[in-house]
Each structure stands twice: as C-alpha cells, then as structure tokens.
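A closer look at the structure
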Amino acid sequence: MSDSAKITLATAWLDGCSGCHMSFLDLDQRLIELAAKVDIVYSPIVDTKELPVDVDVGILEGAVSTEENLQIARMFRERCKFLISLGDCAVSGNVPSMRNTFDLDDVFDHAFVETVQAQPGRPTESLPTLLRTVVPIHHVVNVDLFVQGCPPSADTIWYVLTELIAGRTPDPTQITRFGA
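Remember, it's a predicted structure, so these values are computed and weren't measured experimentally.

A short note on unusual backbone geometry
Here the amide bond leading from Cys 150 into Pro 151 is cis, since omega sits at -15°, within 30 degrees of zero. Among the secondary structure elements, Pro 151 is positioned in the loop between strand 7 (145-147) and helix 6 (154-165). Phi is positive for Ser 18, close to 75°, though the residue is something other than glycine. Note that Ser 18 resides in the loop between strand 1 (7-13) and helix 1 (19-25). Non-glycine residue Gln 119 carries a positive phi angle of around 55°. Following the sequence through the fold, Gln 119 ends up in the loop between helix 5 (104-114) and strand 6 (130-135).

As structure tokens, this is what we get:
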C-alpha cells in the first residue's frame, strides 16, 4: 500500500451508533491531507451507491445483527484486500449485543407491543431481518486488524490509516483500548 498511487478505501456501518464514522469526520483538516493519498470509493459519507469489486482497505463499524449486516460484511471481505474492524461494537458486539440475553420474540413484543401507546403491534413490513444473535464482525468473516474504542479517537483512526498508507502494519493497542 506504499506505492505512489492512491489507495482505495471503503467504509460502512452495521449495527451501531455511527460514532466511529463521526470520529473519522473528526479528522477535520487532516481529511484534506488524507484525500491526497486515499480515494474513498464507498462510504456513508460519500455518494457512491455500490461497493467496487477491488478495494485496498475496507473499514466496518458496528456489530452484525441483521441479514443485511451479514451480507455487507461478507461483501466487504470478498472485495477488500485488507479489512479493519473499527470500534468496540465491531470488535466485541458491545451495546448491540445486549439483546442477546433476551429471546428475540420478547424483544419484538417489548419494542412494538408492551411499550407502545398508539397502535401497538408488530410491524409486518419494512423491518430488517434480525439474526437470533448479534455477533462481532470476526465471527462471520476474517478480519485483518482490530481497532478498539467507543468510538476510537480521530487520532487513532489517523494513526491506523497513515501507517497503512506508509506500508506498515499498525498496532492500535499502543494508543487505544476497549471502551476508550
């Protein structure tokens, strides 16, 4: 990844709060420097609608909790040469996995029947297909690098990306930890 051509970067968020992408945006003026070295070819922060076939670096944030999340994770692994699991939800399941202690039917009933005052009842359309268990990304695809933090700081993201651009393998544990 250290050749003179720009590397391609794709990002997506699965089940989470999008805080990791907010930290990415917190790179602030460093985004301009990054743009000179990286082409963001797919991301919620750009207008591209389809993940290209051959991407240098993929970054996934969030846990895998729906069929769509599972498909996205598999597509990223298939199309990205190097895959980063970004943030505690992606690395461990974190907050989204809290529902794992409950029966999925009970979760639906609590959300759509028991706590609703107007028109209680389960929706019959427009809901994502939930997996029975929320899992971290590495439970469904191989991951090349784990970056902890909730969310990881902009400085951590900068460190990871600049190390990769320079052709080195970053060690995020030197600057971040779970919950940081």
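Next comes the rest of the write-up.
Details of a nonpolar patch on the surface
A surface patch of nonpolar side chains, about 220 Å² in accessible area, is lined by Met 22, Leu 25 and Ile 45. Relative to the helices and strands, Leu 25 resides in helix 1. We classify Leu 25 as partly exposed; its relative accessible area is 34%.

Details of the packing of aromatic side chains
With the rule as written, the count across this model stands at two aromatic pairs. Ring centres 6.0 Å apart and planes at 65° place the aromatic pair Tyr 42 and Phe 76 in the edge-to-face group. Here the residue Tyr 42 occupies a position in strand 2 (residues 38-42), and Phe 76 occupies one in helix 3 (residues 67-79), the gap between them amounting to 34 residues. Its relative accessible area of 1% is what places Phe 76 among the buried residues.

Looking at the sheet that holds strand 5 (residues 80-86)
Strand order in the open sheet made by the five strands is 2-1-3-5-7, with parallel pairing throughout. With one partner strand each, in any of the chains shown, strand 2 and strand 7 form the two edges of the open sheet. Mean inter-strand twist for the sheet, computed between neighbouring axes without regard to direction, equals 25°. Sheet analysis places strand 1 next to strand 3 (residues 55-61), joined by five bridges and oriented parallel. Directly across from Thr 11, in strand 3, lies its bridge partner Ile 59.

Calculation criteria
- Residues numbered from 1 in each chain as written.
- Predicted model: local features only at pLDDT ≥ 70, side-chain atom pairs only at ≥ 80, totals over all residues.
- Heavy atoms only, no water.
- Helix = DSSP H or I, 4+ residues; strand = E, 2+ residues; numbered from the N terminus.
- Patch = residues over 30% accessible without salt bridge, like charges linked within 9 Å, V, L, I, M, F, W, Y side chains within 5 Å.
- Areas by Shrake-Rupley, 256 points an atom, 1.4 Å probe, with all protein chains shown as cover.
- Salt bridge = Lys/Arg side-chain N within 4 Å of Asp/Glu carboxyl O.
- Buried < 20%, exposed > 50% of the residue type's maximum accessible area, 1.4 Å probe, protein only.
- Phe/Tyr/Trp six-rings, centres within 6.5 Å; stacked < 30°, edge-to-face > 60°.
- Pairing = 2+ DSSP bridges.
- Axes fitted to C-alpha atoms, helices over the stretch in contact; angles between N-to-C directions.

Function-wise, these values are silent; they only describe arrangement.
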